[in-house]
Amino acid sequence: MKKKIIEPFNIVVFGGNSDLAFRKIYPALYQRFIDNQLNCNFNIYAVIRKRISDSEFRLNIEKFISSSSKNDIDNNQIEEFFKKISLTEVPNHTIEGYSTLKKELEKTKEHQNIYYLSTPASAFGDISIMLKKCNLINKRSKVVLEKPLGFDLASSKTINSQLNKSFSEDQIYRIDHYLGKETVQNLMVLRFANHIFEHAWSSENIESVQITVSESIGVEKRGDYYEQSGALLDMVQNHLLQLLCLIGMEPPVKLEANFVRDEKLKVLKSLRLLNYESASKNVVKGQYTRGKNIDNINQKKKIPSYLEDIGKFESNTETFVAIKAFIDNWRWKGTPFYLRTGKRMKRRYSDIIINFKPVKHNLFNNDEEIPGNALIITLQPEEKIELVQMTKLPGPGGYRYKPVSLKLDFLDSFSQRLPEAYERLIIDILRGEQTLFMRQDELEAAWTWIESIKKCWKNNDIKNILYESGTWGPGDSILNKNHSWTRKNNYEDN
Ligand code: BG6
């Protein structure tokens, strides 16, 4: 496929000294810069509200670049990169407040301007209105939005209508960083470039799909934000549903943004809404208490509870959620999709397991069922794909079999470094490629389903089940028994 060239650009990062900017945006730009992909003219404007010193700002960037990079930083390269960045003060949302930025951008009128809003969503409206008032938007301008894009369907619509006063849908890039992960993009190739899988990809052959994103970290310093979102909004509404879409969607007519998004939208619209009865059987929410932390095994001190982390005495916010979901369409009727995510779990990993149905008749031992095949796609921390299949145990004396994995480890097959999600996403924005970004109607369909769960929780005052930090969460005890939740026992390695 022919790649579009990257035209000269200015990237204006509102929230220029935000955690996200330091952790993700600057390191991604730096990495693409030293890989020679940004070989056009460009400038980075880090928009700040209050002046900070250049040296402090540079030190911070350097710190995050070196912690995200496997190699030592080259002094010349980082100096060249710093030449591209200017700290720009925008103290308030007035014409005067935007005057320095305007002056700067007017120096390079031929550049495309990318406005990256790494700020709370409450500022999106003001920023986009001011950019328009200052004549800083033209057809080539783009706006990049970070989540949370609202806390429910209504607020998401409000944010969107504010933005639409300045930008059209084809100028808006809503980031879901999971879509930028190499292993997540590989789902498209795995499905649509391999006949053997696509052929078997339906409820005729697939018994269940399990999508798990397990994190060992807690809420860190994001308590205020997390209190309003919880695991359902923080992870399921976006990342897990996007993974579900990539597994569940029909092949798009073309690999173009709107064709792909149309197919994802159909999946979201086919999700069966939950009501009180189905939610009480098929949804579990939990919250972590004190406990151990597996990723930091030497830690003697107990890890604090969620309440201690946020400094409150009570909270009904969930840090774990598990949902048995159904896609009511021709392809997936009857196949459960198990979605599960939690903080302070035993180990950090994300995977998707496709459990195939068992063969209809056991030729080797009539008394038992042969476990079905499984396709295990590990997204992180390592990237690999395993096909679990039955194999004869070597030796004389009849047929005995056991599940054995055929493994494809990305590191073994591809020597080059897998780029960080943000590197790919930023390059796509510069090229004007929207496939990996959510369209507003997708977002609204996701909200509609999420709200059916929220409503059940709220109306019935559903409480969290407490789980100890460093365990697999309440799903361990509850969903195992009642909902055949975990990996099939044969493949269980945790
Ligand atoms: C973010 C969530 O979107 O994704 C965080 O807000 C979460 O709470 C993070 O920790 C997980 O991302 P990753 O790439 O580390 O799996």
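Structure: see above.
Attention here is on the structure that accompanies the text.

What counts, and at which threshold
- The residue numbers shown here count from 1 along each chain, following its written sequence.
- Reporting of local features is limited, given that this is a predicted model, to residues whose pLDDT is at least 70; pairs of side-chain atoms are given and counted only at 80 or more, and all residues count toward the totals for whole chains, interfaces and linings.
- Note that the side-chain values use all heavy atoms of the structure and ignore hydrogens as well as water.
- Proximity is defined per residue: if any heavy atom of the residue lies within 4 Å of a molecule or strand, that residue is considered near it.
- A 3.5 Å cut-off defines polar contacts: any pair of N or O atoms within that distance qualifies, except that in protein one atom must be a possible hydrogen donor and the other a possible acceptor, and neighbouring residues in sequence count only when both atoms are side-chain atoms.
- The way it works is that DSSP assigns letters per residue, a run of H or I at least four long becomes a helix, a run of E at least two long becomes a strand, and they are numbered from the N terminus.
- Any residue that is not Ala, Val, Leu, Ile, Met, Phe, Trp, Tyr, Cys, Pro, Asp, Glu, Lys or Arg is counted as polar, Gly included; the first ten are nonpolar and the last four charged.
- Two strands are counted as paired when DSSP detects at least two bridges linking them.
- All axes here are fitted lines through C-alpha atoms, helices being fitted over the stretch that makes contact, and every angle between N-to-C directions spans 0 to 180 degrees.
- Every residue pair with non-hydrogen atoms within 4.5 Å of one another is taken to be in contact.
- The rule for a salt bridge is simple: a side-chain nitrogen of Lys or Arg has to be within 4 Å of a carboxyl oxygen of Asp or Glu.
- When accessible area is computed with a 1.4 Å probe and restricted to protein chains, residues below 20% of their type maximum are described as buried, those above 50% as exposed, and intermediate ones as partly exposed.
- Just so you know how the angles are binned, under 35 degrees is roughly parallel, over 145 roughly antiparallel, 65 to 115 roughly perpendicular, and the rest oblique.
- Crossing handedness is read from the near helix: turned anticlockwise from the far helix by less than a right angle, it gives a left-handed crossing, and turned clockwise, a right-handed one.
- By convention, orient the strands away from the viewer: a clockwise path from the first strand over the helix to the second makes the crossover right-handed.

1. Some details on the site of the ligand
Taken together, Lys147, His177, Tyr178, Lys181, Glu215, Arg222, Asp234, Met235, His239, Lys343, Arg348 and Gln380 form the complete shell of residues around the ligand. One of the side-chain N or O atoms of Lys147 is found 2.5 Å from an oxygen atom in the ligand. Among the elements that take part in the shell around the ligand, helix α9 (residues 223-248) stands out by supplying three residues, more than any other. When the residues that make up the shell around the ligand are grouped by side-chain class, the tally is two nonpolar, three polar and seven charged.

2. Considerations on the sheet that holds strand β14 (residues 401-409)
The strands making up a sheet associate through backbone hydrogen bonding, with each pair oriented either parallel or antiparallel. In spatial order, the strands read β14-β13-β12-β11-β7-β10-β9-β8-β15; together these nine strands make up an open sheet with mixed pairing. Two strands in the sheet have a free side with no partner beyond their single neighbour: β14 and β15 (465-468). Recorded for the sheet is a direction-independent mean angle of 20 degrees between the axes of neighbouring strands. Here nine bridges tie strand β13 (residues 384-392) to β14, and the two strands are oriented antiparallel to one another. When the bridges of β14 are listed, Ile385 appears paired with Leu408. This element, helix α7 (residues 182-192), spans β11 (349-356), β12 (374-380) and β13 of the sheet and lies at about 150 degrees to β12. Most of the contacts of helix α15 (residues 440-459) go to strand β9 (residues 320-326), to which it runs at about 120 degrees, and overall it touches β8 (283-289), β9 and β10 (336-342).

3. Thoughts on the pattern of salt bridges
Enumeration according to the criterion identifies 31 salt bridges in this entry. A salt bridge links Asp19 to Arg23, with the nearest nitrogen and oxygen atoms 2.9 Å apart. In this pair, Asp19 and Arg23 are both assigned in helix α1 (residues 19-34), four residues apart and thus about one turn of the helix distant. For Asp19, a relative accessible area of 47% gives the class partly exposed. Of the charged contacts in the structure, one is a salt bridge between Asp328 and Lys333, with a shortest N-O distance of 3.7 Å. Owing to a relative accessible area of 51%, Lys333 belongs among the exposed residues under this scheme. Connected through salt bridges with shared partners, the residues Arg191, Glu198, Glu250 and Arg331 form a single ionic network.

4. Some details on the packing of α9 against α15
Direction vectors running N to C along α9 and α15 enclose 135 degrees, while the axes themselves pass 11 Å from each other. As judged from the angle between their axes, α9 and α15 are oblique. Judged by the twist between their axes, the crossing of α9 over α15 is right-handed. Note on element contacts: α15 touches α9 through Glu442, Leu443, Ala446, Trp447, Trp449, Ile450, Ile453, Lys454 and Trp457, opposite Leu232, Leu233, Val236, Gln237, Leu241 and Gln242.

5. A few points about the pairing of strand β2 (residues 42-48)
With respect to burial, β2 is a largely interior element, seven of its seven residues being buried. Along β2, one buried face is formed by Phe42, Ile44, Ala46 and Ile48 and the opposite face, lined by Asn43, Tyr45 and Val47, is buried too. The pairing of strand β1 (residues 9-14) with β2 spans six bridges and is parallel. Looking across to β2, one finds that Val12 is bridged to Tyr45. Between the parallel elements β1 and β2, the chain passes through α1 in a crossover that is right-handed.

6. Focus: unusual backbone geometry
Residue Lys147 is joined to Pro148 through a cis peptide bond whose omega torsion reads 5 degrees. Tracing the backbone shows Pro148 in the loop between β5 (142-145) and α6 (153-164). Here the bond from Gln380 into Pro381 is cis, since omega is 5 degrees, no more than 30 degrees from zero. Looking at the secondary structure, you find Pro381 in the loop between β12 and β13. Phi is positive for Asn36, which is not a glycine, with a value near 65 degrees. The topology assignment puts Asn36 in the loop between α1 and β2. Phi at Arg344 takes a positive value of approximately 55 degrees, unusual for a residue other than glycine. Judged by its relative accessible area of 9%, Arg344 is buried.

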